[in-house]
Amino acid sequence: MLKLRRVLKITLSLIILFVIGYFIYTFYQKRAIVKGVVHMEAESVLKIGIHDIKRTLLVDLISSPGYYWNNVKISQSKKDKDSVETDGKGIDLEPYSMVFYTMKNQQNTYFSTLKIDDSEAFEIYILDYLKKKNSSIENAQYKYAIDKKSKLVFAWTSNKLAIALSLDPSFEKCKPVFDDVLLNDKLIYDTNNSYLKRLISSDSHITYLKEDNEMTINFLDGKAIISGLWHTSTPNKFKSQIQYTAIPDASLLFYLDANFQNEENREWVSTFLDGISFFEKNNLNSVSLTDQMNGVISLSIKDATMQSDTIITYEYDDNFEKVATKSLQEKRAPVVVLSVGAHRGLNSYLIEQGALENNILKAIPYYTFYAQEDSLNSVFSTVKHNQTLESKTGSYFFNLDVDFENLQKDLEIPKGEKVSTLLESLRISARQESKDTFILKGKLLGKTPHINIISQLFFGLQEQDSIR
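Novice: I'd like a rundown of the packing of aromatic side chains, residues and numbers included.
Specialist: All chains considered together, the criterion is met by 21 aromatic pairs. Aromatic pair Tyr144 and Phe171: ring centres 3.6 Å apart, planes at 5°, arrangement stacked. One end of the pair, Tyr144, is in strand 5 (residues 143-147); the other, Phe171, is in helix 5 (residues 171-183), and 27 residues separate them in sequence. Among the residues examined, Tyr144 registers a relative accessible area of 15% and is labelled buried. Measuring from ring centre to ring centre gives 5.6 Å for Phe238 and Phe438, while their planes differ by 90°; the resulting arrangement is edge-to-face. Taken together, the positions of Phe238 in the loop between strand 10 (223-231) and strand 11 (242-246) and Phe438 in strand 22 (residues 437-446) put the pair 200 residues apart, joining distant regions of the chain. Accessibility expressed as a relative area gives 13% for Phe438, which makes it buried. Site record: aromatic cluster; members linked through ring pairs are Tyr101, Phe111, Tyr142, Tyr144, Phe171 and Phe178. Directly above the ring of Tyr396 sits Arg427, whose terminal nitrogen or CZ lies 5.3 Å from the centroid.

Here is the structure:
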């Protein structure tokens with residue numbers, strides 16, 4: 001009996017020491033990982049809690065060992081075939097958390113900073129990595145390289161690596177930030193800084209901060225939860241009640257009331273559209289376009305229809321001259337309805353710019369969109385006849401609803417069945433909560449309610465790949 005008590009005391013003491021040690025480790029890592037990573041003039045920051053995600057998945061493994069046991073063979077065989085050794089790189093590419101940040105005047109670009117522990121090992125690793133990517137190392141006041149396929153730009157010294165993830169990777173564009181980080185050490189080290197303080201206190205799997213605004217994502221059993229609180233620069237930036245039209249019971253429903261009665265909103269949308277090549281290619285001026293709109297837009301998809309498509313082929317006549325011949329071909333198209341709250345002048349403007357001809361929207365080439373107009377809306381639909389739409393009233397100024405299984409039936413996206421067999425639905429919505437704040441909520445549901453959604457997607461996609 002005394003021996004049993006002694007064993008229990010020793011075991012309990014070890015558990016207590018382990019718990020204390022774990023909390024000390026967590027306390028230290030949460031602070032250490034965010035220091036010297038974010039630029040002093042960062043516009044926003046994003047933290048991916050790698051350790052927190054791993055811990056959540058470990059708990060899920062303990063509660064559902066059978067699921068992981070059945071799926072680990074698929075994952076292991078794929079890892080053995082495709083993976084690259086992660087040891088001996090001279091840098092930790094899977095730290096406690098990954099922290100990224102954005103800078104003003106650097107659109108669609110995220111930056112991060114990592115510490116190089118062993119410069120010789122890192123040089124060997126990065127050279128091997130870039131050879132596989134058919135990229136070369138260049139020299140400035142530090143070394144840099146571009147991985148165009150992965151949209152990454154790297155720049156490094158002997159003790160620090162700066163990374164830029166960009167839709168348009170360019171060293172010249174990123175150079176001012178790299179200079180600040182690598183040459184002038186313009187990074188935040190003070191853990192009392194507002195961004196760092198909130199990143200340290202956040203236990204969410206993904207945390208996004210911009211000024212006083214915050215959005216988080218957490219991966220749970222069967223679902224991912226999105227939550228956010230946003231402060232607006234002007235009171236009542238969005239409406240507390242909106243009206244929109246859509247197809248009833250749509251497999252995809254998106255609507256937004258950007259409230260163009262607030263001139264700041266109209267200007268922001270005009271600036272946003274101005275940077276999109278689609279509008280430039282179709283000769284559409286963003287200011288002229290938004291001047292015809294009231295800010296309400298809805299997109300809904302349900303079922304499918306048949307459309308006639310003109311096919312042009314070339315043949316040679318008796319004189320061996322190439323002659324174009326036209327033929328009609330029936331093709332399947334999803335029933336899509338795009339409704340834009342607008343004055344009657346919108347369609348006239350589209351006609352003037354050549355984007356609308358014979359009541360057909362030429363700006364979208366793959367499907368035929370027929371245009372209709374009344375005093376409140378311009379409607380563009382893949383069906384020629386009047387589509388039955390519902391007028392609805394809601395308290396959310398933004399909403400996205402997706403039924404993945406039905407949407408795949410409507411769109412027939414190649415390889416889209418992978419996602420539709422794993423995911424149930426998605427809903428993201430935003431509501432003006434008070435005169436100077438709005439809240440964002442979202443939920444992504446998986447097919448298996450008792451398994452973490454990350455594991456469902458990871459193993460599910462690998463299993464389908466192995467079957468194929």
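The rest of the description comes next.
Novice: Describe the side chain of Asn399, and please don't skip the residues or the numbers.
Specialist: Within the secondary structure layout, Asn399 lies in strand 20 (residues 398-403). The buried category is assigned to Asn399, whose relative accessible area is 1%. Not counting residues within four places of it along the chain, the set of residues in contact with Asn399 comprises Leu253, Phe254, Tyr255, Arg427, Ile428 and Ser429.

Novice: Which residues make up the confidence of the model for the protein, and what values go with them?
Specialist: Scored by pLDDT, the protein has a mean of 86; 87% of the residues are at 70 or more. Per-element mean pLDDT across the protein ranges from 66 in helix 3 (residues 65-82) up to 97 in strand 8 (residues 206-210).

Novice: Can you break down a nonpolar patch on the surface residue by residue, with the values?
Specialist: Together, Ile16, Ile20 and Ile24 make up a nonpolar patch on the protein surface, roughly 280 Å² of accessible area in all. Structurally, Ile20 is set in helix 1 (residues 2-32).

Novice: Which residues make up a negative patch on the surface, and what values do they have?
Specialist: Together, Asp92, Asp117, Asp118 and Glu120 give the surface a local cluster of negative charge. When you line up the elements, Asp117 lands in the loop between strand 3 (109-115) and helix 4 (119-132). Judged by relative accessible area, which is 56%, Asp117 ranks as exposed.

Criteria and thresholds
- Residues numbered from 1 in each chain as written.
- Predicted model: local features only at pLDDT ≥ 70, side-chain atom pairs only at ≥ 80, totals over all residues.
- Heavy atoms only, no water.
- Phe/Tyr/Trp six-rings, centres within 6.5 Å; stacked < 30°, edge-to-face > 60°.
- Helix = DSSP H or I, 4+ residues; strand = E, 2+ residues; numbered from the N terminus.
- Buried < 20%, exposed > 50% of the residue type's maximum accessible area, 1.4 Å probe, protein only.
- Lys NZ or Arg CZ within 6 Å of the ring centre and 35° of its normal.
- Contact = heavy atoms within 4.5 Å.
- pLDDT = per-residue confidence, 0-100.
- Patch = residues over 30% accessible without salt bridge, like charges linked within 9 Å, V, L, I, M, F, W, Y side chains within 5 Å.
- Areas by Shrake-Rupley, 256 points an atom, 1.4 Å probe, with all protein chains shown as cover.
- Salt bridge = Lys/Arg side-chain N within 4 Å of Asp/Glu carboxyl O.
- Lys, Arg positive; Asp, Glu negative; His and termini not counted.
- Charge placed at Lys NZ, Arg CZ, Asp CG, Glu CD.

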